[in-house]
Amino acid sequence: MYYEINGNILPQVRLVDRAVLEPPYVHKRRKPDEYILYVMKKGILYLKENSRDYALEEGDIILLDPDFIHQGIQASDCEYYYVHFKHPQLYRRQADAGFLQNGMRLRSESLQEDSGSFGRYRDSWLRLPKMLRMRMGKGYLKVVSLLENAMERNTNQLENYKVTCACRIMEALVEIAREAVSVGILTQMPEIPDSSRKVHELLHYLNANYQEQITGNMIEEKFSCNFDYLNRVFRKNIGKTIFVYLNETRIHHAQELLATTSMKVSAIGYRVGYHDECYFSKVFKKYTGVSPSQYEKMTSQLETWQKKPLG
């Protein structure tokens, strides 16, 4: 079982806090009128929901459903975060064989998309597992940090505090959805070759560090893999070589800067990873058909025309 939630709409957060349970306390029986997210910090919470038993340990995350009764099944000694919230577009689904494949496809598409476009907001649904055993790493720590931040914002009660609290909770849900794909790939899809995993890691690295001086030797060292081999599997998966993708990413960001800032061409080239202005102009023209100066003039003329009053 998993849940789909429209990420364009913030959750309505009623409570976000941390609970500590000690024996002989047994979690009470109830059927809530809202969703409840539990993120375990330490110990074990013994819980039953809809006839299924759970022993939730450190790092475990569960989303309790308002359509089901949940209750403790024995005394618990634990600490956990909880979030009570409602959402107008959150739907329960039955997991199928394509759940992880769909997650892989969405991740691959996201890593390659235009980050300056509004397009992705038209398909911003998160897919949250009913229960997730997170690895005790960066993902879990980030979720905990976001929950702590949401708690602080929910208690300060400054103007719009519920909005900022809801933003942190939505970001935590995004992290959980991402971790569900990562954990599932490792534990449930062993047939996926390591080379495909490295391609996703490399895409993430190039997107985050395109402005740096990146060489084949650096990539070999960082990914512990022969560059020629990695370049072949990258091309097989993405349809282009590593450095073609890197150049496209750099030129795309350069186009954004030329169209939206008053920076000099040389400064823009340096900003996106080209320390030689002549080489930057050459690569820019190769990928766009015009020089950076011509592109800047074209976009400036278009902006002036768009601002002209009608009539």
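Use the structure listed above.
A short tour of the structure in this document, coming up. (Residues numbered from 1 in each chain as written. Predicted model: local features only at pLDDT ≥ 70, side-chain atom pairs only at ≥ 80, totals over all residues. Heavy atoms only, no water.)

Here we look at the overall build of the chain
No. 1: Within the chain one finds 10 helices and 10 strands.
No. 2: Sequence separation of at least 24 residues holds for 74% of the intrachain contacts in the chain that already meet a minimum separation of 6.
No. 3: Summing over all exposed atoms, the chain offers an accessible surface of approximately 17,600 Å²; the carbon and sulfur share of this is 49%. (Helix = DSSP H or I, 4+ residues; strand = E, 2+ residues; numbered from the N terminus. Contact = heavy atoms within 4.5 Å. Areas by Shrake-Rupley, 256 points an atom, 1.4 Å probe, with all protein chains shown as cover.)

Quick look at the pattern of salt bridges
No. 1: In total, this model carries 15 salt bridges according to the counting rule given.
No. 2: Across the pair Arg133 and Asp60 runs a salt bridge whose closest N-O atoms are separated by 2.6 Å. In this pair, Arg133 is assigned in strand β10 (residues 131-133) and Asp60 in strand β5 (residues 60-64), connecting sequence segments 73 residues apart.
No. 3: Assessed through its relative accessible area of 46%, Arg133 is described here as partly exposed. (Salt bridge = Lys/Arg side-chain N within 4 Å of Asp/Glu carboxyl O. Buried < 20%, exposed > 50% of the residue type's maximum accessible area, 1.4 Å probe, protein only.)

Things to note about empty space enclosed by the protein
No. 1: In this structure the tally under the stated criterion is one cavity of 30 Å³ or more.
No. 2: Here the largest cavity is characterised by a volume of approximately 50 Å³.
No. 3: In terms of lining residues, the largest cavity is bounded by Leu37, Ile61, Ile62, Leu63, Leu128, Pro129, Lys130, Met131, Leu132 and Ile176.
No. 4: At the level of secondary structure, the elements contributing two or more residues to the lining of the largest cavity comprise β5, β9 (125-129) and β10.
No. 5: Here the lining of the largest cavity gets three residues from one element, more than from any other, and that element is β5.
No. 6: Considering only residue class, the lining of the largest cavity consists of nine nonpolar, no polar and one charged. (1 Å grid on protein atoms, 1.4 Å probe; cavity = no way out; pocket = protein on both sides within 12 Å on 5 of 7 lines; lining within 4 Å. Points joined across faces, edges and corners; volume = space filled by probe spheres on them. Nonpolar A, V, L, I, M, F, W, Y, C, P; charged D, E, K, R; others polar.)

Let's talk about unusual backbone geometry
No. 1: Pro24 follows Pro23 through a cis peptide bond whose omega is 10°.
No. 2: Position of Pro24 relative to the elements: it lies in the loop between β2 (12-21) and β3 (35-49).
No. 3: Of note, Gln157 is a non-glycine position whose phi angle comes to about 55°, a positive value.
No. 4: Among the structural elements, Gln157 can be located in the loop between α2 (138-156) and α3 (161-188).
No. 5: Gln157 sits in the exposed class, given a relative accessible area of 55%.
No. 6: Even without glycine at this site, Asn160 takes up a positive phi of about 65°.
No. 7: Residue position: Asn160 is located in the loop between α2 and α3.

What to know about the packing of helix α6 (residues 227-238) against helix α7 (residues 242-260)
No. 1: Relative orientation of the contacting elements α6 and α7 amounts to 65°, with a least axis distance of 8 Å. Contacts between α6 and α7 involve Phe227, Leu230, Asn231, Phe234 and Ile238 from the first element and Ile242, Phe243 and Tyr245 from the second.
No. 2: Looking at the contact of α6 with α7 residue by residue, the classes come out as seven nonpolar, one polar and no charged. (Axes fitted to C-alpha atoms, helices over the stretch in contact; angles between N-to-C directions.)

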